[in-house]
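Architecture at a glance
Listed here are the chains, written in short residue letters.
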Amino acid sequence: GGIITQTPKFLIGQEGQKLTLKCQQNFNHDTMYWYRQDSGKGLRLIYYSITENDLQKGDLSEGYDASREKKSSFSLTVTSAQKNEMAVFLCASSLTGGSAETLYFGSGTRLTVL
Amino acid sequence: GDQVEQSPSALSLHEGTSSALRCNFTTTTRSVQWFRQNSRGSLINLFYLASGTKENGRLKSAFDSKELYSTLHIRDAQLEDSGTYFCAADPPSSGQKLVFGQGTILKVYL
C-alpha cells in the first residue's frame, strides 16, 4: 500500500503572508489534487495535476498557486493569507485521474490565519 | 446552486441501531462515491457505484441514477463508525472532477 503525507499538519500564518503546503505520495499515481474543506461546505477543488509539471484550475483556484515539481509531490501556495481564515487543506491522488477511480487522501493541513 | 445535497447534516445513533444517509443530486451524475473522514482527517473510500447496490460488512450503498439519489445504510452501528461521511458525484458537466456534498457528521454513542 501507499501513503499520502501532508506537511505541515498545522499552519498558523499572518494576514497577507505567503504560505506553502506540501504533499507527497508514494502510490506512483499520475494525478494529484488539492481540496479545501470548510465547515459545513464539503470539499472544493482548488487545483489538480494530471502529470509532472501539469496544472489544472479547480473551482476555487483564485488566491492560490500550485506546483507539481515531480510525480510524487504537489505543493500549494496561499498567495496572501486572509485574516480569520480557517480551513483544512486536503491533498489526494488517483491512478490516472479518471472520475471512476478511487481517491486516496492525506490527513490534511489545518490553516489558521491570525 | 449546490449540485450535491446530503442529509441529515448530523446524526446521533445509539450503538447497535441502524440508519441511512442520503445524497440528492440536482443534476445527472455518472456515478457516486462515498467516503468516511476519520479522526486523523483522512477520507477513506467506502464505495464507488455507477448503478445498483453494493454491500461491505455493515455498510450498504445504493445509487438510483434516474431518481438522482444515493443512500448509505449503516447497520448495527459501532463506535468506530463515528466520523463525517461524504458523498461525491461525477456529473458530465464537471469533466473528470468529483463534486462533493457538505457531509454528514455521525456520532455513535453507548
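Now for a quick tour of the structure. (Residues numbered from 1 in each chain as written. Chains lettered and ligands numbered in written order. Predicted model: local features only at pLDDT ≥ 70, side-chain atom pairs only at ≥ 80, totals over all residues. Heavy atoms only, no water.)

**Structural notes on the interface of chain B and chain A**
- In this assembly, 19 residues from chain B lie in contact with 21 residues from chain A.
- Between chain B and chain A the total buried area reaches about 1,500 Å² when both faces are included, carbon and sulfur atoms providing 51% of it.
- Linking chain B with chain A are 1 salt bridge.
- Asp59 of chain A is the partner of Lys97 of chain B in a salt bridge, and the nearest nitrogen-oxygen pair spans 4.0 Å.
- Looking at the side of chain B that touches chain A, the elements that each hand over two or more residues are strand E4 (32-37) and strand E5 (43-49) of chain B.
- Split into classes, the residues belonging to the side of chain B that touches chain A amount to 6 nonpolar, 9 polar and 4 charged. (Contact = heavy atoms within 4.5 Å. Buried area = accessible area lost by both parts, 1.4 Å probe. Salt bridge = Lys/Arg side-chain N within 4 Å of Asp/Glu carboxyl O. Helix = DSSP H or I, 4+ residues; strand = E, 2+ residues; numbered from the N terminus. Nonpolar A, V, L, I, M, F, W, Y, C, P; charged D, E, K, R; others polar.)

**Side note on the sheet that holds strand E1 (residues 4-7) of chain A**
All names here are of chain A.
- Within the open sheet, the 4 strands sit side by side as E1-E3-E8-E7. Their pairing is antiparallel. Two strands close off the open sheet at either side, each with one partner strand: E1 and strand E7 (64-70). Across the sheet, the axes of successive neighbouring strands diverge by a mean angle of 15°, strand direction being ignored. (Pairing = 2+ DSSP bridges. Axes fitted to C-alpha atoms, helices over the stretch in contact; angles between N-to-C directions.)

**Some remarks on the state of the cysteines**
- In the structure shown here, the tally under the stated rule is 2 disulfides over all chains.
- For Cys23 of chain A, the disulfide goes to Cys91 of chain A, at an S-S distance of 1.9 Å. Here Cys23 of chain A and Cys91 of chain A share a disulfide; its torsion about the S-S bond, -80°, makes the bridge left-handed. Residue Cys23 of chain A is located in strand E3 (residues 19-25), and its partner Cys91 of chain A is located in strand E9 (residues 86-94); the two are separated by 68 residues in the primary sequence.
- Its relative accessible area of 1% is what places Cys23 of chain A among the buried residues.
- Given a relative accessible area of 0%, Cys91 of chain A falls into the buried group.
- In this model Cys23 of chain B forms its disulfide with Cys87 of chain B; the gap between the sulfur atoms is 1.8 Å. Residues Cys23 of chain B and Cys87 of chain B share a disulfide whose torsion about the S-S bond is about 65°; that sign makes it right-handed. A residue pair is termed long-range when its members are at least 10 positions apart, and Cys23 of chain B in strand E3 (residues 19-25) and Cys87 of chain B in strand E9 (residues 83-89) qualify at 64 residues. (Disulfide = S-S within 2.5 Å. Buried < 20%, exposed > 50% of the residue type's maximum accessible area, 1.4 Å probe, protein only.)

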